[in-house]
Amino acid sequence: MGRSAAIAGPPERVRVQIEMSSRALDQLDELVLSTDASSRAEVLRNALKVYGWLVDQRQEYEISLLKKKDDQEFEVALLEVGL
C-alpha cells in the first residue's frame, strides 16, 4: 500500500549556499531578531513566501491599497519583478 499525500512525511529538505554582502547579512540578522524567527533560514523562507505573493499580485494588479493602523489608506505601486 502506497503513502498518500495526507499521511506523507515532511517535505524533503535541500541545503543551499548563498553569497551576500555583509550589509545584507546584517539586515538578515536584524530580521531574525525583530521577528523572533528561530533562524536565518526561517526568515528567508518567510521572505520567499512574501515575494511569491507580490509576484502573483503584480501579475493581476498594478496598484495596491494599503491601510495604516490609524485607518489612513494609500496606494502603492507593486514591485516590478521582471514581468
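Preceding block: the structure.
These figures come from a predicted structure and were not determined experimentally. (Residues numbered from 1 in each chain as written. Predicted model: local features only at pLDDT ≥ 70, side-chain atom pairs only at ≥ 80, totals over all residues. Heavy atoms only, no water.)

**Side note on the overall build of the protein chain**
- Scanning the protein chain from N- to C-terminus turns up 2 helices and 2 strands.
- When the helices and strands of the protein chain are listed from N to C terminus, the series reads α-α-β-β.
- Burial status across the protein chain gives 13% buried among its 83 residues.
- The long-range fraction of contacts in the protein chain, counting pairs at least 24 apart against all pairs at least 6 apart in sequence, stands at 19%.
- Of the roughly 7800 Å² of accessible surface on the protein chain, a fraction of 53% belongs to carbon and sulfur atoms. (Helix = DSSP H or I, 4+ residues; strand = E, 2+ residues; numbered from the N terminus. Buried < 20%, exposed > 50% of the residue type's maximum accessible area, 1.4 Å probe, protein only. Contact = heavy atoms within 4.5 Å. Areas by Shrake-Rupley, 256 points an atom, 1.4 Å probe, with all protein chains shown as cover.)

**What to know about a nonpolar patch on the surface**
- On the surface, Val14, Val16, Ile18, Met20 and Leu44 cluster together into a nonpolar patch covering about 490 Å² of accessible area.
- Looking at the element boundaries, methionine 20 is found in the segment before helix 1 (22-34).
- Of the residues examined, methionine 20 reaches a relative accessible area of 36% and is grouped as partly exposed. (Patch = residues over 30% accessible without salt bridge, like charges linked within 9 Å, V, L, I, M, F, W, Y side chains within 5 Å. Salt bridge = Lys/Arg side-chain N within 4 Å of Asp/Glu carboxyl O.)

**Here we look at the pattern of salt bridges**
- The full count for this structure, using the stated rule, is 1 salt bridge.
- Ionic pairing is found between aspartate 29 and arginine 40, a salt bridge with its closest N-O pair at 2.7 Å. With aspartate 29 in helix 1 and arginine 40 in helix 2 (residues 40-60), the pair connects residues that are 11 residues apart, well separated along the chain.
- Of the residues examined, aspartate 29 reaches a relative accessible area of 25% and is grouped as partly exposed.

**Section: the packing of helix 1 against helix 2**
- Axis separation between helix 1 and helix 2 bottoms out at 9 Å; the angle between their running directions is 95°. One element, helix 1, and the other, helix 2, form an angle in the roughly perpendicular class. Along the contact surface, helix 1 presents Leu25, Leu28, Asp29, Leu31 and Val32, while helix 2 presents Arg40, Val43 and Leu44.
- Of the residues contributing to the contact of helix 1 with helix 2, the split by class is 6 nonpolar, no polar and 2 charged. (Axes fitted to C-alpha atoms, helices over the stretch in contact; angles between N-to-C directions. Parallel < 35°, antiparallel > 145°, perpendicular 65-115°, else oblique. Nonpolar A, V, L, I, M, F, W, Y, C, P; charged D, E, K, R; others polar.)

In short, shape yes, function no, at least from these values alone.
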